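Chains, contacts and geometry: an overview
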Amino acid sequence: QVQLVESGGGLVQPGGSLRLSCAASGFTFSIYTMDWHRQAPGKQRELVAGITSGGTTNYADSVKGRFTISRDNAKSSVYLQMNSLKPEDTAVYYCKRRGYSSWGQGTQVTVSS
């Protein structure tokens, strides 16, 4: 049974940082591309960043230079380091195995003064 458990969200002031974690289980983590998505209130879910099994990364234009995705295959985990946070980054953040429909419960990130 596939499980994705996100953590690390919270309330942070503009300009601050957060590191999100996603612990995966139920599949061979190391061979899959993993993505972080987010969904803000009243908006569609959007792709934020992805990382292939080989470590190649891609980012949405809105987060380039501020967010960094990484993975630890030994821990079956993917991370999202978020710096220089802006109010428009406020959303529920989800990790996902690319090409599959299973979602975790997400973790709330709120950027506000």
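To keep things clear, this report deals only with the structure shown in the data block. (Residues numbered from 1 in each chain as written. Predicted model: local features only at pLDDT ≥ 70, side-chain atom pairs only at ≥ 80, totals over all residues. Heavy atoms only, no water.)

Our next topic: the sheet that holds strand β3 (residues 18-25). Taken in spatial order, the four strands of this open sheet run β1-β3-β8-β7, and their pairing is antiparallel. The sheet terminates laterally at β1 (3-7) and β7 (67-72), the two strands that pair on one side only. When the angles between neighbouring strand axes are averaged without regard to direction, this sheet yields 15°. (Pairing = 2+ DSSP bridges. Helix = DSSP H or I, 4+ residues; strand = E, 2+ residues; numbered from the N terminus. Axes fitted to C-alpha atoms, helices over the stretch in contact; angles between N-to-C directions.)

Moving on, we come to the environment of Glu-88. Tracing the chain through its elements places Glu-88 in the loop between β8 (77-82) and β9 (91-97). Residue Glu-88 is classed as exposed on the basis of its relative accessible area of 55%. Through-space distance from the C-alpha of Glu-88 to that of Gln-3 is 28 Å; in sequence the pair is 85 residues apart. (Buried < 20%, exposed > 50% of the residue type's maximum accessible area, 1.4 Å probe, protein only.)

All told, the structure shown has one disulfide when counted by the stated rule. The residue that forms a disulfide with Cys-22 is Cys-95, at a sulfur-sulfur distance of 1.8 Å. Measuring handedness by torsion sign, the sulfur bridge of Cys-22 and Cys-95 sits at about 40° and is right-handed. Note that Cys-22 is positioned in strand β3 and Cys-95 in strand β9, a separation of 73 residues in sequence. When its relative accessible area of 0% is taken as the criterion, Cys-95 is described as buried. (Disulfide = S-S within 2.5 Å.)

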